[in-house]
Amino acid sequence: MRQTAPQSLAVPAGKRAVELLRNMIRQGKWNKGEKLPTEQYLVTKLSVSRGTVRKALRILEDQGVIGELRGDMGKTRARYVVDPKAGSSFLDRSIVLLTNVEAVLDDPAASFGGHGVHAVGSAIVRAARKNGFHFIHVNSAMVDAGDVEDLAACMSAGILAEQTAILPEMGAMIVDRMVETGVPAVVEGSDPRFAKCDRVDSDHRAGGYELTKWLIGRGCRRIVQAGCCTQDTCWVKLRSAGYQKALQEAGLPVLPRVHLKIDRVKDSQAEYLNVVRHVMGFLFEHLTGPNRVDAIMAQNDCDALLILSAIRLAGLRPNVDVAVVGYDNMALDMTCPWEDLRPIATVDKKNIAVGEEMMTLFQDRIEGRLSGPPTVRWIRPELVVLPQGA
């Protein structure tokens, strides 16, 4: 459950009104020479008092963003946009990139051949530079409440956030605060918690569906999903929906997903084998008896290696008695000295395409090609059949 932002993140109404008005003008809601709406309209729109609106307008006038048309006795008749970019700086072409790593690689392919989760951020950086933007890299794991307010005050062009960066509460608070100031925000993923942001995600439902159909086409009839994340995780729900659809279309049983409550830390063979024993314990009922499964869909390629080892530990032949498929398309780039086999198939989420589309969506928004409520764009994943013995 999302927590309420701490009191230290509360924004003074006057400052918030200035930020919102300035961003609306910069984003083209009112163009140069166009009259602004009435004070009463702005009071309602910004949910602040008339006095706060007047103070905000006076600040923008002092900065040269807006001007006044005066009537008799010097009374203000109307306000209009003078220069939407007045007082602008390099920050107007700077994007906050929110990740959970200390450094963003320039080459997306350096992250597991472009298939690793941080290939998204690298693709954003490459696309941003290509289009003349700077970027401000923020690691959500190293931010405190005071930093959140500083970020909101820097008046950057917008924020783009990797999915792994917004899972921690502080990362979510950063995005929420930036959105509150009217800054355009694009996040990776389709989590409804961020419905106020534009979002781009790999189509996990399609990926789960295609992978399950492929297994069915190979003759598999009892297929179970397994992974470390809980069922309420957004992308787990989507993949499960695709899995269920394929099985229901084929008239096959939908089995409950197995939650592998394990610690992935395995720096030695002893630690690895200990984790494998736990995995076998969670999968035991599916690996024994007359109702044994003939295929396991791992949450990702890393978990697939553990499952392959667990199948062998149970006295079965991995990928012969029980087929194993993964997800993320990192299997051929992974090294594991304690497991030679790899899943027989996986899914490429197209992380580079996700990052590039996030940048495209951001530019569509700030350059006026996209208006209206926040949207979700889906990137079609690709089924990848791996060479046997890979």
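Quick caveat: nothing in here was measured; it's all calculated off a predicted structure.

K.L.:
What am I meant to see in the pattern of salt bridges here?
P.N.:
Should their charged atoms come close, side chains of opposite charge can pair. Summed over the entire model, instances satisfying the criterion amount to 19 salt bridges. For Arg-177, the salt bridge goes to Glu-149, with nearest N and O atoms at 3.2 Å. Here Glu-149 lies in helix 5 (residues 145-153) and Arg-177 lies in helix 6 (residues 169-180), a separation of 28 residues in the sequence. When salt bridges that share partners are traced, they join Glu-39, Arg-50, Arg-54, Glu-68 and Arg-79 into one network.

K.L.:
Sorry if this is basic, but what is going on with helix 4 (residues 119-130) here?
P.N.:
The α-helix winds at 3.6 residues per turn, so residues separated by three or four positions along the chain end up facing the same way. Taking 1.5 Å per residue, 12 residues should reach 16 Å; helix 4 reaches 16 Å between its end C-alpha atoms and fits that length. Considered for burial, the residues of helix 4 that qualify are Ala-119, Val-120, Gly-121, Ser-122, Ala-123, Ile-124, Val-125, Ala-127 and Ala-128. On its buried face, helix 4 is in contact with strand 3 (94-99), strand 4 (134-139), strand 5 (158-161), strand 6 (185-188) and helix 11 (351-366). In the segment just after helix 4, Gly-132 is the residue with positive phi, at about 80°.

K.L.:
Can you help me understand the side chain of Gln-225 in this one?
P.N.:
Here Gln-225 lies in strand 8 (residues 223-227). Accessibility expressed as a relative area gives 8% for Gln-225, which makes it buried. Of the polar contacts made by the side chain of Gln-225, one reaches the side chain of Ser-240; its length is 3.1 Å. The residues contacting Gln-225, other than those within four sequence positions of it, are Arg-239, Ser-240, Tyr-243, Arg-257, Val-258 and Met-297.

K.L.:
So what exactly am I meant to see when it comes to the environment of Gln-248 here?
P.N.:
As for its position among the elements, Gln-248 is in helix 8 (residues 234-250). Relative accessible area serves as the criterion here: at 56%, Gln-248 is assigned to the exposed category. A C-alpha to C-alpha distance of 45 Å links Gln-248 and His-137, two positions 111 residues apart in sequence.

K.L.:
Help me understand the sheet that holds strand 7 (residues 198-202) in this model?
P.N.:
Strands belonging to one sheet form pairs held by backbone hydrogen bonds; the direction of such a pair is parallel or antiparallel. As summarised here, the arrangement of the six strands in space is 4-3-5-6-7-13, forming an open sheet in which the pairing is parallel. In this open sheet, the two strands that pair with only one neighbour each are strand 4 and strand 13 (376-379). Neighbouring strand axes in the sheet, compared pairwise and without regard to direction, differ in orientation by 20° on average. One ladder, built from six bridges, connects strand 3 with strand 4; its direction is parallel. Following the sheet pairing, Leu-98 is matched in strand 4 by Val-138. Here helix 4 sits on the sheet in contact with strand 3, strand 4, strand 5 and strand 6, set at roughly 170° to strand 3.

K.L.:
Sorry, what's going on with the packing of helix 7 (residues 204-217) against helix 8 here?
P.N.:
Describing two packed helices takes the angle between their axes plus the distance from one axis to the other. At a minimum axis separation of 7 Å, helix 7 and helix 8 run at an interaxial angle of 35°. Remark: the crossing between helix 7 and helix 8 carries right-handed chirality. Across the interface between the two elements, His-204, Arg-205, Gly-208, Tyr-209, Thr-212, Lys-213 and Ile-216 of helix 7 pack against Trp-235, Leu-238, Arg-239, Ala-241, Gly-242, Tyr-243, Lys-245, Ala-246, Leu-247, Glu-249 and Ala-250 of helix 8. When grouped by side-chain class, the residues that make up the contact of helix 7 with helix 8 number nine nonpolar, four polar and five charged.

K.L.:
What should I look at first to understand the packing of helix 4 against helix 11 in this one?
P.N.:
It is at 7 Å that the axes of helix 4 and helix 11 come closest, and there the two elements cross at 45°. With respect to helix 11, the axis of helix 4 lies oblique. Classified by chirality, the crossing of helix 11 by helix 4 is right-handed. In this structure, helix 4 uses Ala-119, Val-120, Ala-123, Ile-124, Arg-126, Ala-127 and Ala-128 to contact helix 11, whose residues at the interface are Asn-351, Ile-352, Val-354, Gly-355, Glu-356, Met-358 and Met-359. Considering only residue class, the contact of helix 4 with helix 11 consists of 10 nonpolar, two polar and two charged.

K.L.:
For this particular structure, what's the right way to read the packing of aromatic side chains?
P.N.:
The relation between two aromatic rings is expressed through the spacing of the ring centres and the mutual angle of the planes. Throughout the structure, instances matching the rule amount to two aromatic pairs. For the ring pair Phe-133 and Phe-362, a centre distance of 5.8 Å and an interplane angle of 70° mean the geometry is edge-to-face. One end of the pair, Phe-133, is in the loop between helix 4 and strand 4; the other, Phe-362, is in helix 11, with 229 residues separating them in the sequence. Each ring, one from Tyr-272 and one from Trp-338, has its centre 5.4 Å from the other, and the planes form 35°; the classification is tilted. In this pair, Tyr-272 sits in helix 9 (residues 269-287) while Trp-338 sits in the loop between strand 11 (323-325) and strand 12 (345-348), placing the two residues 66 residues apart along the sequence.

Each value, and the rule that gives it
Residues numbered from 1 in each chain as written. Predicted model: local features only at pLDDT ≥ 70, side-chain atom pairs only at ≥ 80, totals over all residues. Heavy atoms only, no water. Salt bridge = Lys/Arg side-chain N within 4 Å of Asp/Glu carboxyl O. Helix = DSSP H or I, 4+ residues; strand = E, 2+ residues; numbered from the N terminus. Expected span 1.5 Å × (residues − 1). Buried < 20%, exposed > 50% of the residue type's maximum accessible area, 1.4 Å probe, protein only. Contact = heavy atoms within 4.5 Å. Polar contact = N/O pair within 3.5 Å; in protein donor to acceptor, adjacent residues only side chain to side chain. Pairing = 2+ DSSP bridges. Axes fitted to C-alpha atoms, helices over the stretch in contact; angles between N-to-C directions. Left-handed = near helix turned anticlockwise from the far one by under 90°. Nonpolar A, V, L, I, M, F, W, Y, C, P; charged D, E, K, R; others polar. Parallel < 35°, antiparallel > 145°, perpendicular 65-115°, else oblique. Phe/Tyr/Trp six-rings, centres within 6.5 Å; stacked < 30°, edge-to-face > 60°.

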